[in-house]
Amino acid sequence: MPRRLRELAQPEKASHSVTEDTSDDAFVYCPSCGRAMHQGDCIIDDALEEKLRCAYDDCILDANIAMHSLHAWDAYRELYKEETVDWPEVPIPGECYKP
């Protein structure tokens, strides 16, 4: 069973966090599979440099690529304003959002 970020103690979460907000409820986006998720649902993978990967087992790319693709929801929307203009401020975890 994979370990999730929400299972870590707060000091450990800070070193693994994708977002500036280290809370489990912060939203993360994976462009590899196009889904939003809570940061706490992300899988910890100590074999990877960044140590976090997409929460969904069926993510289309392997763990190394998917892990590098995780973005804070707000940061991704800011980076790709034109492509994400119709996206909600607060996503639905598990929902697919494609630019």
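Give a description of the pattern of salt bridges that names residues and reports values.
Scanning the entire structure with this criterion turns up five salt bridges. Among the salt bridges present, the one from Asp 24 reaches Arg 6, with a minimum N-O distance of 3.9 Å. Of the two residues, Asp 24 sits in the loop between α1 (10-16) and β1 (27-30) while Arg 6 sits in the segment before α1, which places them 18 residues apart along the sequence. Notably, a salt bridge pairs Asp 24 with Lys 13, separated by 2.9 Å at the nearest N-O pair. With Asp 24 in the loop between α1 and β1 and Lys 13 in helix α1, this residue pair connects regions lying eleven residues apart in the sequence. It is possible to trace a salt-bridge network through shared partners that takes in Arg 6, Lys 13, Asp 24 and Asp 41.

Help me get a handle on the environment of Asp 57, residues and values and all.
Mapped onto the elements of the fold, Asp 57 is located in the loop between β4 (52-53) and α2 (63-69). For Asp 57, a relative accessible area of 68% translates into the label exposed.

Run through the sheet that holds strand β5 (residues 71-72), naming residues and quoting values.
Pairing within the open sheet is antiparallel, and its three strands lie in the order β2-β1-β5. Two strands bound the open sheet, and with one partner strand each, they are β2 (35-38) and β5. Note that β1 and β5 share two bridges and pair antiparallel. Looking across to β5, one finds that Val 28 is bridged to Ala 72.

Tell me about the side chain of His 16, and please be specific about residues and values.
Counting through the fold element by element, His 16 comes out in helix α1. At 3.1 Å, the side chain of His 16 forms a polar contact with the side chain of Ser 15. Apart from residues no more than four positions distant in its own chain, His 16 is found in contact with Leu 5, Leu 8, Ile 44, Asp 46, Lys 51 and Leu 52.

Parameters and conventions
Residues numbered from 1 in each chain as written. Predicted model: local features only at pLDDT ≥ 70, side-chain atom pairs only at ≥ 80, totals over all residues. Heavy atoms only, no water. Salt bridge = Lys/Arg side-chain N within 4 Å of Asp/Glu carboxyl O. Helix = DSSP H or I, 4+ residues; strand = E, 2+ residues; numbered from the N terminus. Buried < 20%, exposed > 50% of the residue type's maximum accessible area, 1.4 Å probe, protein only. Pairing = 2+ DSSP bridges. Polar contact = N/O pair within 3.5 Å; in protein donor to acceptor, adjacent residues only side chain to side chain. Contact = heavy atoms within 4.5 Å.

These values are about where atoms sit, not about what they do.
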